Amino acid sequence: MATGYEWQEESYELWRQTGYKGVMDCCPAAGKTRAGAICIREYLIDNPFDKIWVVANTKDVLGQWKVELKDILDYVEFYTYPGAVSKLWKYERALDLEKMRPDLLVLDECHFVMAKTWGQVVEFGVPHLLGMSGTPSGSHKRIGPIFQKVTFNEANVAPTTLYMCAFTPSNAEMEKYRRISKTIETYKENHPYSNYKNDAFLSRFINQRRRIVNGFSTRFEPALRIALENKGKVMMIFCSTKAQADAFSAYLTDYEVPNVVYYSGKEKDLDKFMSGEIDVCISCRMLNTGFNKVDVEVGIIVATTTSPITTVQTASRMIRVDPNNPEKTAKIYYLLADGTNDMELYRITNNELKAFKLENRRM
């Protein structure tokens, strides 16, 4: 059997007992990819003629799976969620589904099956399913029972401090925020049974307010100060939109922060960051989930959603143990706009990431 942490070695037998249909609920950075690889190898021993697909949210994450499974690549196919759904539909239209579909789907970050389109991947009658996520978000109802749970307290992660950095928006920014908030309040008064999920108009107003808050240009100055404080460290900076990432990348360049790359999906840019040629990587939602670079020490969340899933997944890019630096400690900075619903992120972070040290900071 492949080596790993003790909980990883137990994964296959626990999954087998579910009839090969279940979810591994393991906090990000706990090592679930390696646990999944152990399960695949053990499954192949028991089912040597079965077809196996590994499905993940991005090609970059699939690349990490290929490294983990490099000794058995001939036995596994790799697809993104859209790619897997497209191929299964193709088989069904050609009346080849029964013959061509896989016997096992390994679903990395399996909370994505809760999405309407990507979730179709579990609707083609594949007999065996292995889901993995640190934030399952109900996906076990579509895949199979949660058979294993590993929390941040139990996982081997680096010591981490979360800094909640409050800053003061401009008067003009706050005026925009107050106007949209008033619109939301008035709408709720006139539609008392509406909520975010059942009312498209209300959800549109709430999302508009979120975009306004995320887009505050006053985020840049405190984010720059944090970047300069941590100059020389391996750093990831997370923005909410491509326009914001572009603008902040230019902002860093103006202040002569060296070795910065903006990752927008081009492999050559990410390769520079992965190889160590570049110290700082800015991304717009593309690396929030599943990405793995163990020497990242600093994360700056310039703007993000107030979703618990996004909060946990983004923070987890920085907390992995670095075998080459056993003294690594991680610092994660959340930029919070005073007087806005940004402050909800404080509550979410405190609830979801309570295993780590939390500090308030005024910017």
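In what follows, the structure referred to is the one given above.
Description of the structure in this document.

Calculation rules
Residues numbered from 1 in each chain as written. Predicted model: local features only at pLDDT ≥ 70, side-chain atom pairs only at ≥ 80, totals over all residues. Heavy atoms only, no water. Helix = DSSP H or I, 4+ residues; strand = E, 2+ residues; numbered from the N terminus. Rg over C-alpha atoms; globule rule 2.2 N^0.38 Å. Buried < 20%, exposed > 50% of the residue type's maximum accessible area, 1.4 Å probe, protein only. Contact = heavy atoms within 4.5 Å. Lys, Arg positive; Asp, Glu negative; His and termini not counted. Charge placed at Lys NZ, Arg CZ, Asp CG, Glu CD. Pairing = 2+ DSSP bridges. Right-handed = clockwise from strand over helix to strand, strands pointing away. Phe/Tyr/Trp six-rings, centres within 6.5 Å; stacked < 30°, edge-to-face > 60°. Lys NZ or Arg CZ within 6 Å of the ring centre and 35° of its normal. Axes fitted to C-alpha atoms, helices over the stretch in contact; angles between N-to-C directions. Left-handed = near helix turned anticlockwise from the far one by under 90°. Nonpolar A, V, L, I, M, F, W, Y, C, P; charged D, E, K, R; others polar. Salt bridge = Lys/Arg side-chain N within 4 Å of Asp/Glu carboxyl O. Core = buried A, V, L, I, M, F, W, Y, C linked by side-chain atoms within 4.5 Å. Parallel < 35°, antiparallel > 145°, perpendicular 65-115°, else oblique.

1. Structural notes on the overall build of the chain
Helix and strand content of the chain: 13 helices and 13 strands. Scaling as 2.2 N^0.38, a compact globule of 363 residues should have a C-alpha radius of gyration of about 21 Å, and the chain matches this with 22 Å. Its C-alpha atoms give the chain principal-axis dimensions of roughly 65 × 55 × 35 Å. Per-residue burial over the chain gives 51% buried out of 363 residues. Contacts in the chain between residues at least 24 apart in sequence constitute 74% of all its contacts with a sequence separation of at least 6. Of the charged side chains in the chain, 47 are positive and 45 negative, and the gap between their average positions amounts to 6 Å.

2. Focus: the pairing of strand β3 (residues 76–80)
Judged by how many residues are buried, β3 sits mostly within the fold: 4 of 5 residues are covered. The pairing of strand β2 (residues 52–56) with β3 spans 5 bridges and is classified as parallel. When the bridges of β3 are listed, V55 appears paired with Y79. A crossover connection joins β2 to the parallel β3 through helix α3 (residues 59–68); in handedness this β-α-β unit is right-handed.

3. Some remarks on the packing of aromatic side chains
Evaluation of the coordinates by the stated rule reveals 15 aromatic pairs. Taken together, a centroid distance of 6.0 Å and an interplanar angle of 70° make the contact between Y12 and W15 edge-to-face. Note that Y12 and W15 are positioned in helix α1 (residues 6–16) at a spacing of 3 residues, about one turn of the helix. Accessibility assignment for this pair places Y12 and W15 in one class, buried. An aromatic cluster of three or more residues is present, and its members are Y12, W15, Y20 and Y43. Note that K293 overlies the ring of F273, its terminal NZ or CZ placed 5.1 Å from the centroid.

4. Describing the packing of helix α12 (residues 308–315) against helix α13 (residues 344–352)
In contact at an axis separation of 10 Å, α12 and α13 are set at 65° when each is read in the N-to-C sense. Helix-helix and strand crossings are classified by hand; for α12 and α13 the assignment is right-handed. Contacts between α12 and α13 pair P308, T311 and V312 from the former with L345, I348, T349 and E352 from the latter. Classifying every residue of the contact of α12 with α13 by side-chain character gives 4 nonpolar, 2 polar and 1 charged.

5. Some details on the side chain of H111
Looking at the element boundaries, H111 is found in the loop between β4 (104–108) and β5 (128–133). H111 sits in the buried class, given a relative accessible area of 8%.

6. Examining the pattern of salt bridges
Applying the stated criterion across every chain yields a total of 18 salt bridges. Connected through shared salt-bridge partners, E175, R178 and R179 make up one network.

7. A closer look at the environment of L270
Assignment of secondary structure puts L270 in helix α11 (residues 267–275). Classification of L270 as buried rests on a relative accessible area of 5%. Taking the C-alpha atoms as reference points, L270 and D108, separated by 162 residues in sequence, lie 21 Å from one another.

8. Considering the nonpolar core
Among the nonpolar cores identified, the biggest contains 59 residues, and I40 and Y334 are the most heavily contacted of them. A per-element tally of this core places helix α2 (residues 32–46) first, with 6 residues. If we ignore the near neighbours within four places in the chain, the residues touching I40 are I52, V54, W65, L69, I72, V76 and V106. Judged by nonpolar contacts, the second largest core, of 29 residues, contains Y177, L252, I300 and A337.

9. Side note on the sheet that holds strand β1 (residues 21–26)
Pairing within the open sheet is parallel, and its 6 strands lie in the order β3-β2-β4-β5-β1-β6. Single-partner strands in this sheet number two, and they are β3 and β6 (146–150). Going across the sheet, the axis of each strand differs from the next one's by a mean of 15°, ignoring polarity. Bridge count between β4 and β5: 5 bridges; the pairing is parallel. Bridging from a neighbouring strand, V106 pairs with L130 of β5. Running at roughly 160° to β3, α3 makes contact with β2, β3, β4 and β5 of the sheet.

10. What to know about the packing of helix α7 (residues 171–190) against helix α8 (residues 200–214)
α8 packs onto α7 with a crossing angle of 165° between their chain directions and a minimal axis gap of 10 Å. By the angle class used here, α7 and α8 are roughly antiparallel. Classified by chirality, the crossing of α8 by α7 is left-handed. On α8, the residues touching K176, Y177, I180, S181, T183, I184, Y187 and K188 of α7 are F201, L202, F205, I206, Q208, R209, I212 and V213. Here the residues of the contact of α7 with α8 sort into 10 nonpolar, 3 polar and 3 charged.

11. With respect to unusual backbone geometry
Leave glycine aside and you will find that most residues have negative phi; peptide bonds, for their part, are mostly trans. Residues other than glycine seldom take positive phi values, yet Y20 does so here, at roughly 60°. On the secondary structure map, Y20 appears in the loop between α1 and β1. Despite not being glycine, L95 has its phi angle at roughly 60°, a positive value. Position of L95 among the secondary structure elements: in the loop between α4 (81–93) and α5 (97–100). You can call L95 exposed: its relative accessible area is 76%.

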